[in-house]
Amino acid sequence: VQLQASGGGLVQAGGSLRLSCAASGRTFSSYIMGWFRQAPGKEREFVASITRNGGREYYKESVKGRFTISRDNAKNTVYLQMNSLKPEDTAVYYCAADDGVLVSTLVARWDYWGQGTQVTVSS
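How each quantity is defined
- Residues numbered from 1 in each chain as written.
- Predicted model: local features only at pLDDT ≥ 70, side-chain atom pairs only at ≥ 80, totals over all residues.
- Heavy atoms only, no water.
- Pairing = 2+ DSSP bridges.
- Helix = DSSP H or I, 4+ residues; strand = E, 2+ residues; numbered from the N terminus.
- Axes fitted to C-alpha atoms, helices over the stretch in contact; angles between N-to-C directions.
- Contact = heavy atoms within 4.5 Å.
- Core = buried A, V, L, I, M, F, W, Y, C linked by side-chain atoms within 4.5 Å.
- Buried < 20%, exposed > 50% of the residue type's maximum accessible area, 1.4 Å probe, protein only.
- Salt bridge = Lys/Arg side-chain N within 4 Å of Asp/Glu carboxyl O.

Novice: Could you give an account of the sheet that holds strand E8 (residues 77–82), with specific residues and numbers?
Specialist: Spatially, the four strands line up as an open sheet ordered E1-E3-E8-E7, and their pairing is antiparallel. The sheet terminates laterally at strand E1 (2–6) and strand E7 (67–72), the two strands that pair on one side only. Strand after strand, the sheet turns through a mean of 15 degrees between neighbouring axes, direction not considered. By the bridge criterion, five bridges tie E1 to strand E3 (residues 17–24) in an arrangement that is antiparallel. From the neighbouring strand, Ala-5 faces E3, where its bridge partner is Cys-21.

Structure, rendered in structure tokens:
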């Protein structure tokens, strides 16, 4: 599966952005989908994930209540709605797909990656 992330940009603290990730190739609904981020000088980290049918969502503790992951299997797209953004949310955001059985927060467990989109939150 090929993944194309978009929607990043520059926003002031407290603002919102909506990231999108369009998938092509193998059946989108066969993948668990997720979002990760990588800040300068830091390792890539898990942000959120959603099960194949969208029935369950998982979040990094620091984004709970501010970020929402969703998916539209008819449009082969996964979204990340980010509200109440903070400067510490600044990073390159990556979408990822996993055809495994269990949802994982470990970067190494995910099979396919998009190219990343920059999110910058100014204070």
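What follows picks up the thread again.
Novice: Go over the side chain of Ser-104, please, and point to the residues and values.
Specialist: Relative to the helices and strands, Ser-104 resides in the loop between strand E9 (91–98) and strand E10 (112–113). If we skip the residues at most four places from it in the chain, Ser-104 touches Phe-46, Arg-109 and Trp-110.

Novice: Can you explain the nonpolar core? Please cite residues and give values.
Specialist: One finds Trp-35, Leu-80, Met-82 and Tyr-93 to be the most contacted residues of the largest nonpolar core, which totals 30 residues. Among residues more than four places away in sequence, those in contact with Tyr-93 are Leu-19, Trp-35, Phe-36, Arg-37, Val-47, Phe-67, Leu-80, Met-82, Gly-116, Thr-117 and Val-119. Ranked by size, the runner-up nonpolar core spans five residues in total, among them Ile-32, Phe-46, Ala-96 and Trp-110.

Novice: Before we move on, can you summarise the pattern of salt bridges with the specific residues and values?
Specialist: Under the definition given, this model contains five salt bridges. A salt bridge links Asp-89 to Arg-37; its shortest N-O distance comes to 3.0 Å. With a gap of 52 residues between them, Asp-89 in the loop between E8 and E9 and Arg-37 in strand E4 (residues 32–38) connect regions that are remote in the sequence. In this structure, Asp-89 and Arg-37 share a single accessibility class: buried. A salt bridge links Lys-60 to Glu-45, with the nearest nitrogen and oxygen atoms 3.3 Å apart. Residue Lys-60 is found in the loop between strand E6 (57–59) and E7, and its partner Glu-45 is found in strand E5 (residues 45–50); the two are separated by 15 residues along the sequence. Looking at Glu-45, the relative accessible area reads 28%, which means it is partly exposed.

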